[in-house]
Amino acid sequence: KLFDSFSGIGALHKALKRLKIPIELVGISEIDIDAIIAYGVIHLESTYENFIYPSKEEMKEWLLNKNIGYDFKKQKSTIKSLRMEKLKLVYKYSVLLNNYGDISLINPSELLDFDLFNFSFPCTDVSVAGKQQGMKDKQGNLTRSGLYTYGINIIRTKKPKYIMIENVKNLIGKKFINDFYDIVNELNNIGYNCYYPKNNKDKPMCLNAKDYGVPQNRERIFVICIRKDIDNKQFEFPNGFDNGIRLKDLLEDKVDEKYYISQ
């Protein structure tokens, strides 16, 4: 049983399916409209033609109450301006995926029980591509990356068997390494053994997609946490490999002109 927080399009969920691990999704937590629709398209096999929609205003109210579609940067919701077709899509998939929306609004005790918690919190304020505010801004308010604290609250209450964290390389860089260790230590105190790849100096290191069958240089830190009462302490990260696939093997020979920028 999987609870998919900060779920995006459900990439972890897809990986589990490809590994032929039987998965029951008990819920997701996601507010990005396009990600929710993509998750539904990717993971729900049926089109649910007989899905019953409430009124337009009822759909909007339901989504607004979960902060689905809320832009925290602009401090406003995009739900009110959605066309009917897209409104129906995000509502339908949010209902079918049991989307709790904004993680800060979740009452952990009201969640269904689950075994695996996807805890890949936002990298937005940690990544070198952003402003690197960290977990709190200058005013002491939680940033988007700082939302991990709500995930910790869920873990304290639900005590799932397994937790997976995936995040950007900069989380274990000099600026944020203490935040990384704080999270790991907090999970350890809650009752989990946390495993992450280490280099020959016993420091955390990233795994790279190019070493695991994907022709892309994409470094990410992974942490697998196992509840201490069920951990046999045998967990190891898989060794990298080269399956021979290169980017040129995936590129199309003929690409429509509309995908090219003009001179």
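What you see as residue numbers is a count from 1 along each chain, following the sequence as written. Where totals are concerned, whole chains, interfaces and linings use all residues; where local detail is concerned, this predicted model gives features only for residues with pLDDT of at least 70, and gives and counts side-chain atom pairs only at 80 or more. With hydrogens and water excluded, all non-hydrogen atoms of the structure serve as input to the side-chain values.

Asks: Go over the overall build of the protein chain, please, and point to the residues and values.
Replies: Secondary structure elements follow DSSP: runs of H or I of four or more residues count as helices, runs of E of two or more count as strands, with numbering from the N terminus. From N to C terminus, the protein chain includes seven helices and nine strands. Just to be clear, the radius of gyration here is over C-alpha atoms, and the globule rule we use is 2.2 Å times residues to the power 0.38. What you see for the protein chain is a C-alpha radius of gyration of 20 Å, in line with the 18 Å of a compact globule of 263 residues. Referenced to the eigenvectors of the C-alpha coordinate spread, the extents of the protein chain come out at roughly 60 × 55 × 45 Å. The contact criterion used is simple: two residues touch if any of their non-hydrogen atoms lie within 4.5 Å. Across the protein chain, every contact between residues at least 6 apart in sequence was considered, and the portion connecting residues at least 24 apart equals 72%.

Asks: Run through the nonpolar core, naming residues and quoting values.
Replies: The nonpolar side chains of soluble globular proteins are, as a tendency, buried together. Grouping buried Ala, Val, Leu, Ile, Met, Phe, Trp, Tyr and Cys residues that are joined through side-chain atoms within 4.5 Å yields what is termed a nonpolar core. Only protein chains enter the accessibility calculation, which uses a 1.4 Å probe; a residue whose area is less than 20% of its type maximum is buried, one above 50% is exposed, and one in between is partly exposed. Core analysis: the biggest nonpolar cluster contains 33 residues, and Phe-119, Ile-163, Phe-180 and Leu-187 have the highest contact counts within it. Only helix H5 (148–158), strand E6 (162–168), helix H6 (177–190), strand E7 (192–195) and strand E9 (219–227) provide two or more residues apiece to this core. Setting aside residues no more than four positions away along its own chain, Phe-180 makes contact with Leu-171, Ile-172, Tyr-196, Pro-204, Ile-221 and Val-223. Listed in part, the 17 residues of the second largest apolar core include Ile-33, Ile-36, Leu-82 and Val-90.

Asks: Account for the pattern of salt bridges, naming residues and giving values.
Replies: Side-chain pairs of opposite charge can arise whenever the charged atoms involved come near each other. By salt bridge we mean one thing: a side-chain nitrogen of Lys or Arg within 4 Å of a carboxyl oxygen of Asp or Glu. In this structure the tally under the stated criterion is eleven salt bridges. Residue Asp-202 is joined to Lys-198 by a salt bridge in which the shortest nitrogen-to-oxygen separation is 3.7 Å. On the basis of relative accessibility, which here comes to 42%, the residue Lys-198 falls in the partly exposed class. The partner of Asp-242 in a salt bridge is Arg-246, with the nearest N and O atoms 2.9 Å apart.

Asks: Could you give an account of H6, with specific residues and numbers?
Replies: The periodicity of an α-helix, 3.6 residues per turn, causes residues three or four positions apart to be oriented the same way. By this rule, a helix spans an expected 1.5 Å times one less than how many residues it contains. Taking 1.5 Å per residue, 14 residues should reach 20 Å; H6 reaches 20 Å between its end C-alpha atoms and fits that length. On its buried side, H6 packs onto H5, E6, E7 and E9. Where H6 ends, the next residue or the one after it, Gly-191, has phi of about 130°, a positive value.

Asks: Now, about unusual backbone geometry: what can you tell me, with residues and values included?
Replies: Phi at Lys-20 takes a positive value of approximately 60°, unusual for a residue other than glycine. By the secondary structure assignment, Lys-20 is in the loop between helix H1 (11–18) and strand E2 (25–29).

Asks: Give a detailed account of the pairing of E9, specifying residues and quantitative values.
Replies: The element E9 is extensively covered by neighbouring structure, given that seven of its nine residues are classed as buried. DSSP bridges decide pairing: two strands pair if at least two such bridges lie between them. Note: E6 against E9, seven bridges, orientation antiparallel. Residue pairing across strands places Glu-166 opposite Phe-222, the latter belonging to E9. In the sheet, E7 pairs with E9 via four bridges, with the strands oriented antiparallel. Bridge pairing in E9 links Cys-194 to Cys-225. One ladder, built from two bridges, connects strand E8 (residues 207–208) with E9; its direction is antiparallel. Looking across to E9, one finds that Leu-207 is bridged to Arg-220.

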